[in-house]
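A look at the structure
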Amino acid sequence: MKSVIVIGGGLAGLAAGVALAESGWRVRLFEQRPFLGGRATSYVLPDGEHVDNCQHVTLGCCTNLEDFYRRVGAAGKIKFFDRLLFLDPQGRQGEMQAGFLPAPFHLTGSFAKFAPLNLLDKLSIARAMLDILRTQGQPADLQENGGISMLEWLRRRGQTKRAVERFWRVVLVSALDEELDRTDACFGVDVFWKAFLSNSTGYRMGVPAVPLANLYDGCKSEIERRGGEVILRAPVRGLKMESGELAGVRFDEAREESADAYVFAVPHTALAELLPESVKQSDPSLANLDKIKVSPITGVHFWFDRTVMREPFITLLDTTTQWVFNKTALYADSNGAGKISAPGQYLQLVISASYDLLQKSRQEIIDLCLGEVCEALPAAREAKLVKATVIKEAAATFSPEPGVDRWRPQQQTAVSRLFLAGDWTATGWPATMEGAVRSGYLAAEALLRAEGASRVFLQPDLAPDGFIAMWLGKQKTASSS
Ligand SMILES: Cc1cc2nc3c(=O)[nH]c(=O)nc-3n(C[C@H](O)[C@H](O)[C@H](O)COP(=O)(O)OP(=O)(O)OC[C@H]3O[C@@H](n4cnc5c(N)ncnc54)[C@H](O)[C@@H]3O)c2cc1C
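The following paragraphs examine the structure supplied in this document. Quantities reported herein were computed from a predicted structural model and do not represent experimental measurements.

1. Some remarks on the overall build of the protein chain
- Helix and strand counts for the protein chain come out as 15 helices and 20 strands.
- In terms of overall dimensions, the protein chain is globule-like: its C-alpha atoms have a radius of gyration of 23 Å, near the 23 Å expected for 481 residues.
- Expressed as a percentage of its 481 residues, the buried residues of the protein chain come to 56%.
- Approximately 20,000 Å² of the protein chain is accessible, and the part contributed by carbon and sulfur atoms is 52%.
- Computed over 54 positive and 56 negative side-chain charges, the separation of the two mean positions in the protein chain equals 3 Å.

Written out as structure tokens, the structure is:
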């Protein structure tokens, strides 16, 4: 039985590990922390409360993450919602919910009634959407100068200020964790093509009904059931190179481990520190990891003494707080796995690309967000805030800045037996759980290919439906005749 060492127990390492274990390899996965999940995890506070490092959500178009959850028995722990609710400071609500029309018109009804935008805003958005539709998500100017920013792409399509602020920015800053002027338009356009236009279910939002770490219980057992091991609290400290080949990995106390192949599934910043100069020289794609920048996300956790919100989640417009999740409701049927111990209500707020909060104190952030929550949710004004926590993730994701893809290495390297996984590797996707799982599957496929075996783990994108399916079908027939 061939053996592989996987370093890193985030989604990328877990996906690679599970895929390789299923392919008959003996997997030993080493994770430096005492728990799995990496940047998408949860832990227990000293008072016994389970908190996610930050609320994570998936979308219907994330086909590989869905496949991974299914493989490890976690699919039933994700609740899907088909109604997204938006609230502006004037108290006007907007919804996105599929109606009876087929794609790409499924959201037209709710969009027409979307109160936080006026007719001019909507017409400008519709124009840009038509361009995405017409080009099947590939407008010609995306590749200009090695990549243009989303803001520039929107400017060229004459978007109103409010359309940018209350529509494009709201969706994309959350999806891509970066401001529009620092986001490559290819990622922004792709979000709208895959999640909102090409089919009627891609926009549906999946929210875990349990604390995040609970989603990975099945990974460990899947790897162990097939003869492998998951070793926690085991930071890899270096690579052992022999005659230009990777011969092992080093741990504390001079411990070394070796295998037939290695998958490094650590963040790019950690890999850059681990890789010896000789490896960076033998594979130039590994010499530029420091060019990939990072962007922050801040999570704010509020425990109120009573119910202040009925919806499972809402998006706030024109405020620092972007999303408010009703964790009490989301965990409600989780059979104890994420049950909230105290009475009252637990809310989790998310602020992506939270550069402005990095320098603020915990108390300043709590005051700012509490003020916004009280504005948006009248019941919160009467409630007592029992407890609050702020979790700042300064390097939450890689920044999807224009042209970033040229710095993202493939999963197979020029160094024999060395493979990479991680949301930051070349997946075509931004830094998401879907991107991480894709990278793990691609690393497993590349490793098997290098060994002369062939297996496909990567799942196809969500199939187009409605008029889009008919239109693409017609184009295919026309081009083949
Ligand atoms: C606050 C926040 C909110 C987010 N929200 C969303 C969201 O809503 N939806 C979404 O799709 N994505 C979201 N993301 C992004 C998503 O979490 C990541 O894209 C994904 O989890 C990355 O997985 P990964 O396996 O590539 O990397 P990681 O999760 O970083 O995994 C790398 C692992 O390697 C380990 N490691 C590092 N160095 C070593 C070493 N030397 N030895 C052993 N182990 C090591 C780390 O401890 C870690 O467990 C969010 C991220 C953050 C931080």
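2. Considerations on the pattern of salt bridges
- Scanning the model with the defined rule gives 43 salt bridges in all.
- Its salt-bridge partner being Arg-71, residue Glu-22 comes within 2.6 Å of it at the nearest N-O pair. Here the residue Glu-22 occupies a position in helix H1 (residues 11-22), and Arg-71 occupies one in helix H2 (residues 63-71), the gap between them amounting to 49 residues.
- Classification of Arg-71 by relative accessible area gives partly exposed; the value is 24%.
- One salt-bridge network, held together by shared partners, links Asp-131, Arg-134, Asp-141, Glu-144, Glu-152, Arg-155, Arg-156 and Arg-157.

3. Structural notes on the packing of H1 against H2
- Relative orientation of the contacting elements H1 and H2 amounts to 60°, with a least axis distance of 11 Å. In this view, H1 runs oblique relative to H2, as classed from their interaxial angle. In this structure, H1 crosses over H2, and the sense of that crossing is left-handed. Note on element contacts: H2 touches H1 through Leu-65, Phe-68 and Arg-71, opposite Leu-11, Leu-14, Ala-15, Val-18 and Glu-22.
- Its residues assigned to classes, the contact of H1 with H2 shows six nonpolar, no polar and two charged.

4. Quick word on the packing of aromatic side chains
- Tallying each qualifying case throughout the model produces 18 aromatic pairs.
- The interplanar angle of 50° and the centroid separation of 4.6 Å between the aromatic rings of Phe-30 and Phe-251 together place this pair among those described as tilted. In this pair, Phe-30 is assigned in strand E2 (residues 26-30) and Phe-251 in the loop between strand E12 (245-250) and strand E13 (256-257), connecting sequence segments 221 residues apart.
- Centre to centre, the rings of Phe-68 and Tyr-69 are 6.3 Å apart; their planes meet at 45°, and the pair counts as tilted.
- Phe-68 sits in the buried class, given a relative accessible area of 0%.
- In this structure an aromatic cluster arises from ring pairing among Phe-111, Trp-153, Phe-167, Trp-168, Phe-192 and Phe-196.
- Directly above the aromatic system of Tyr-355 lies the positively charged group of Arg-182, at a separation of 4.4 Å from the ring centroid.

5. Observations concerning the sheet that holds strand E10 (residues 229-231)
- Ordered by their spatial adjacency, five strands build an open sheet running E10-E2-E1-E14-E20, and the pairing between neighbours is parallel. Because the sheet does not close on itself, it has two edges, and the strands there are E10 and strand E20 (418-420). Averaged over all adjacent pairs, the angle separating strand axes in this sheet is 20°, with direction ignored.
- In this sheet, strand E14 (residues 261-264) lies alongside strand E1 (residues 3-7) in parallel orientation, the contact comprising four bridges. Pairing of Val-4 across the sheet is with Ala-261, part of E14.
- Along the sheet face, H1 touches E1, E2 and E14 and points at about 165° away from the line of E2.
- Across the sheet, helix H8 (residues 217-225) lies against E2 and E10, angled at about 130° from E10, the strand it touches most.

6. What about the sheet that holds E13?
- Strand order in the open sheet formed by three strands is E11-E12-E13, with antiparallel pairing between adjacent strands. Looking at the sheet topology across the chains shown, the edges are occupied by strand E11 (238-242) and E13.

7. As for the site of the ligand
- Around the ligand, 34 residues are found, and the nearest of them are Glu-31, Arg-39, His-56, Asp-423 and Met-433.
- In the environment of the ligand, an oxygen atom lies 2.7 Å from a nitrogen or oxygen atom belonging to the side chain of Arg-39.
- At 2.8 Å from an oxygen atom of the ligand is found a side-chain nitrogen or oxygen belonging to His-56.
- Summarising the interface, the protein chains cover 93% of the accessible area of the ligand, which totals 990 Å² for the free molecule.
- Elements supplying a minimum of two residues to the shell around the ligand: H1, strand E19 (385-398) and helix H14 (433-450).

8. Remarks on the environment of Ala-431
- When you line up the elements, Ala-431 lands in the loop between E20 and H14.
- Among the residues examined, Ala-431 registers a relative accessible area of 15% and is labelled buried.
- Along the sequence, Ala-431 and Arg-455 sit 24 residues apart, while their C-alpha atoms lie 25 Å from each other.
- If we skip the residues at most four places from it in the chain, Ala-431 touches Thr-397, Phe-398 and Asp-423.

9. With respect to unusual backbone geometry
- Here Ala-103 and Pro-104 are connected by a cis peptide whose omega angle stands at 10°.
- If you check the backbone angles, Asp-177 has positive phi at about 55° while not being a glycine.
- Located in the positive-phi region is Ala-353, a residue other than glycine, with phi close to 45°.
- Topologically, Ala-353 is positioned in the loop between strand E18 (345-352) and helix H12 (362-376).

10. Details of the packing of H1 against H14
- Running from amino to carboxyl end, H1 crosses H14 at an angle of 40°, the nearest separation of the two axes being 7 Å. Relative to H14, the element H1 lies oblique. Crossing of H1 over H14 shows right-handed handedness. Here H1 contributes Leu-11, Ala-12, Ala-15, Ala-16, Ala-19 and Leu-20 to the contact with H14, which in turn contributes Met-433, Ala-436, Val-437, Ser-439, Gly-440, Tyr-441, Ala-444, Leu-447 and Leu-448.
- Taken together, the residues of the contact of H1 with H14 break down into 13 nonpolar, two polar and no charged.

Reading guide: rules and limits
Residues numbered from 1 in each chain as written. Predicted model: local features only at pLDDT ≥ 70, side-chain atom pairs only at ≥ 80, totals over all residues. Heavy atoms only, no water. Helix = DSSP H or I, 4+ residues; strand = E, 2+ residues; numbered from the N terminus. Rg over C-alpha atoms; globule rule 2.2 N^0.38 Å. Buried < 20%, exposed > 50% of the residue type's maximum accessible area, 1.4 Å probe, protein only. Areas by Shrake-Rupley, 256 points an atom, 1.4 Å probe, with all protein chains shown as cover. Lys, Arg positive; Asp, Glu negative; His and termini not counted. Charge placed at Lys NZ, Arg CZ, Asp CG, Glu CD. Salt bridge = Lys/Arg side-chain N within 4 Å of Asp/Glu carboxyl O. Axes fitted to C-alpha atoms, helices over the stretch in contact; angles between N-to-C directions. Parallel < 35°, antiparallel > 145°, perpendicular 65-115°, else oblique. Left-handed = near helix turned anticlockwise from the far one by under 90°. Contact = heavy atoms within 4.5 Å. Nonpolar A, V, L, I, M, F, W, Y, C, P; charged D, E, K, R; others polar. Phe/Tyr/Trp six-rings, centres within 6.5 Å; stacked < 30°, edge-to-face > 60°. Lys NZ or Arg CZ within 6 Å of the ring centre and 35° of its normal. Pairing = 2+ DSSP bridges. Near = heavy atom within 4 Å. Polar contact = N/O pair within 3.5 Å; in protein donor to acceptor, adjacent residues only side chain to side chain.

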